[in-house]
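Listed here are the chains, written in short residue letters.
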Amino acid sequence: MAPSILTTAGGLLLLVSLSSAQIRGDNLATCTTNDGFGKYCPTTCGVTDYMLRYRNGVEDDLEDMQRQLDTIANLTQGADETIVYMKDSAFAAQKTSQPDPYHKKSTNMLDDIVRFEKTITAQEQQIYELQSLISSNERRMTDLKQLSIQLQQKCAEPCKESVEIQPLTGTDCQDIANKGATTNGLYYVKPLKATEQFLVYCEIDSFGRGFTVIQRRRDGSLDFHKDWIQYKNGFGYLSPDDTTEFWLGNEKIHLLSTAVTMPTVLRIELVDWEGNKRYADYTAFSVGSEVDMYRLQYGYYYGGDAGDAFNGFDFGDDPSDKFYTSHNGMQFSTFDKDNDKYAGNCAQQDGSGWWMNRCHAAHLNGKYYQGGRYSEKDAGEFGFDNGIIWVTWHNRWYSLKETTMKIIPLSRITAGGGQQAGVKQFAGLS
Ligand SMILES: [Ca+2]
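What you see is a predicted model; the values in this text were computed from it and never measured.

Here we look at the overall build of the chain
Check the secondary structure of the chain and you find 10 helices and 14 strands. In the chain, which comprises 430 residues, the share counted as buried stands at 44%. Of the contacts formed within the chain by residues at least 6 apart in sequence, a portion of 62% connects residues at least 24 apart. A total accessible area of about 21,900 Å² is found for the chain, and carbon and sulfur atoms account for 52% of it.

Considerations on the confidence of the model for the chain
Averaged over all residues, the pLDDT of the chain is 83; the fraction at 70 or higher stands at 82%. Below a pLDDT of 50 lies the segment residues 1-42, which in the model reaches 67 contacts outside its immediate sequence neighbourhood of four places, other chains included. Contacts from residues 419-430, a stretch scored under 50 in pLDDT, to residues over four places away or in other chains number 12 contacts.

Let's talk about the coordination of the calcium ion
Listed as protein donors to the calcium ion are Asp338 (OD), Asp338 (OD), Asp340 (OD), Tyr342 (O) and Gly344 (O); their distances from the metal cover 2.2 to 2.7 Å. Sequence spacing of the donor residues for the calcium ion, all on one chain, is D-x1-D-x1-Y-x1-G. Overall, aspartate 340 belongs to the buried group, its relative accessible area being 11%.

Things to note about the pattern of salt bridges
Per the stated rule, a full pass over the model turns up 14 salt bridges. Between lysine 145 and glutamate 59 there is a salt bridge whose closest N-O contact spans 2.7 Å. Of this pair, lysine 145 sits in helix α3 (residues 101-156) while glutamate 59 sits in helix α2 (residues 45-96), placing them 86 residues apart in sequence. Across the pair aspartate 242 and arginine 216 runs a salt bridge, and its minimum N-O distance is 2.9 Å. Of the two residues, aspartate 242 sits in the loop between β5 (235-236) and β6 (246-247) while arginine 216 sits in strand β4 (residues 210-217), which places them 26 residues apart along the sequence. The pair aspartate 242 / arginine 216 is uniform in exposure class, with both members buried. Each of the salt bridges in this network shares a partner with another, and the network as a whole consists of Arg216, Asp242, Lys401 and Glu402.

A few points about the nonpolar core
Among the nonpolar cores identified, the biggest contains 59 residues, and Trp247, Leu266, Ile268, Phe310, Trp355, Trp390 and Met405 are the most heavily contacted of them. In terms of residues, this core owes the most to one element, strand β3 (residues 198-204), which gives six residues. Beyond its immediate stretch of four places on either side in the chain, phenylalanine 310 contacts Leu266, Ile268, Tyr282, Leu296, Tyr298, Ser326, His327, Asn328, Trp354, Ala362 and Trp390. If you look at the next biggest cluster of nonpolar residues, it comprises 13 residues, including Leu69, Ile127, Leu133 and Leu144.

Some points on the packing of aromatic side chains
Summed over the entire model, instances satisfying the criterion amount to 23 aromatic pairs. An angle of 75° between the planes, with centres 5.0 Å apart, marks the rings of phenylalanine 224 and phenylalanine 235 as edge-to-face. Residue phenylalanine 224 is located in the loop between β4 and α5 (228-233), and its partner phenylalanine 235 is located in strand β5; the two are separated by 11 residues in the primary sequence. Of the residues examined, phenylalanine 235 reaches a relative accessible area of 9% and is grouped as buried. Lying over the aromatic face of tryptophan 228, lysine 337 brings its terminal NZ or CZ to 5.5 Å of the ring centre. Above the ring of phenylalanine 211, the side-chain terminus of lysine 406 is found at 4.4 Å from the ring centroid.

A word on the environment of tryptophan 397
Within the secondary structure, tryptophan 397 sits in the loop between β13 (389-390) and β14 (402-409). The spacing of tryptophan 397 and arginine 373 is 24 residues in sequence and 6.0 Å in space, taken between C-alpha atoms. Discounting chain neighbours no more than four positions away, the residues touching tryptophan 397 are Gly372, Arg373, Tyr374, Ser375, Glu376, Gly383, Phe384 and Asp385.

A look at the pairing of strand β2 (residues 185-189)
Along any regular strand the residues' side chains alternate between the sheet's two faces. Counting buried residues along β2, four of its five residues qualify, which places the element largely inside the surrounding structure. Strand direction decides the pairing type here: strand β1 (residues 165-170) and β2, joined by three bridges, are parallel. If you follow isoleucine 165 over to β2, its bridge partner there is leucine 186. Examined bridge by bridge, β2 and β3 share five bridges and lie antiparallel to one another. Looking across to β3, one finds that tyrosine 188 is bridged to leucine 199.

As for the pairing of β3
Burial of β3 is extensive: six of the seven residues sit out of reach of the surface. Of the strand pairs in this sheet, β3 and β4 are connected by four bridges, and their pairing is antiparallel. What sits directly across from isoleucine 204, in β4, is glycine 210. Counting the residues in the hairpin turn of β3 and β4 gives five residues, including glycine 208, whose phi is positive at 80°.

As for the state of the cysteines
Scanning the model with the defined rule gives two disulfides in all. Covalently, cysteine 173 is tied to cysteine 202 through a disulfide, its sulfur atoms 1.9 Å apart. Taking the sign of the torsion about the S-S bond as the criterion, the disulfide between cysteine 173 and cysteine 202, at about -80°, is left-handed. With a gap of 29 residues between them, cysteine 173 in helix α4 (residues 173-178) and cysteine 202 in strand β3 connect regions that are remote in the sequence. Across the pair, cysteine 202 and cysteine 173 agree in class, each one buried.

Some points on unusual backbone geometry
A cis amide bond links arginine 358 to the next residue, cysteine 359, at an omega of 10°. Take cysteine 359: it is sitting in the loop between α8 (346-350) and β12 (362-363). If you check the backbone angles, tyrosine 294 has positive phi at about 50° while not being a glycine. Mapped onto the secondary structure, tyrosine 294 falls in the loop between β9 (286-287) and β10 (296-297).

Calculation criteria
Residues numbered from 1 in each chain as written. Predicted model: local features only at pLDDT ≥ 70, side-chain atom pairs only at ≥ 80, totals over all residues. Heavy atoms only, no water. Helix = DSSP H or I, 4+ residues; strand = E, 2+ residues; numbered from the N terminus. Buried < 20%, exposed > 50% of the residue type's maximum accessible area, 1.4 Å probe, protein only. Contact = heavy atoms within 4.5 Å. Areas by Shrake-Rupley, 256 points an atom, 1.4 Å probe, with all protein chains shown as cover. pLDDT = per-residue confidence, 0-100. Donors = N, O, S within 2.8 Å, 3.2 Å for Na, K, Ca; no water. Salt bridge = Lys/Arg side-chain N within 4 Å of Asp/Glu carboxyl O. Core = buried A, V, L, I, M, F, W, Y, C linked by side-chain atoms within 4.5 Å. Phe/Tyr/Trp six-rings, centres within 6.5 Å; stacked < 30°, edge-to-face > 60°. Lys NZ or Arg CZ within 6 Å of the ring centre and 35° of its normal. Pairing = 2+ DSSP bridges. Disulfide = S-S within 2.5 Å.

The following block contains the structure:
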């Protein structure tokens, strides 16, 4: 009997270790979200894959546990029968014989039997608990399978379908506003030289001005450390409610800024971590073709209250600081395409794509620093100012909270003036 008890105990140990499998379904920390799902396809798609991967393993475990329980149940039954038999034998022996060593021996055996009975009762209780565990695991598996099927169906739908796209189209957002659009949102545009239409976020204000947004930073949710092709095509996600970060793409910015004969204004809007807002306008803005490495060109600083950081900045390190940190006329650089004026690679050092000189006084595609303030040490391997920078407002160790880069024809910019102009004008009327 002793060996069978040992086997039973061993089986129980195995069961207890197997039962730890039940917590695996909660351990989703290892489920990495995929950048490709975008805003409108929930990242729970990853859960589906995870579920499908681990389901088979859990099913095997459950089957194994069931087999173990059957074995234990058989063993318990065998032990029960043996005990009954031993009890009978002991009582029979007690009746037929006188007190002697044999009687003492049988009394000891009875004590053993009582102990074994207790063990068996405890084991039966454990078996009962394990059986409930299996049942609850099975129910859980069923629920999870159901959830997995639902998620699979949801993830099979194209992500774009849940995004509201406005029906009006035009050559740019101003054209769309001219056609009567009054709400911010996503619109299809097709600039003159474009071979196909593409989606943009239009900011349309109460003056009937239609800004085409080409860059947006707002919370650091998007990594701007991207290569030439990604900067060329654009990255991130457009949202109808302006809740996401993106770079529209150099090719599209080139098409938008060179399609019209009238000058285009680039408006840069900045927000710092104290909630202050500033802006800077550059007129006759254009971005060249890929052959010319998407060169930045503008006529002059048209105005604003953020200062003219594109013109470079005298940091005091070197007499030619200002010359070497200006941006007008610079080609675009990424870590894998160095078009800067520096012996090293500015885009690689600063982890972004930008119109790098040697290197910059304005850097709106820089690394996102929560809270804004950072140091050479925070900047990592190279230790340079690689945050979101506009040095004519905050210094080079202050990374801005939000940025917007948007364009509009020069003829329309004066309709509203600066960022706060709308408020000022209404205030002036009262
Ligand atoms: Ca270089």
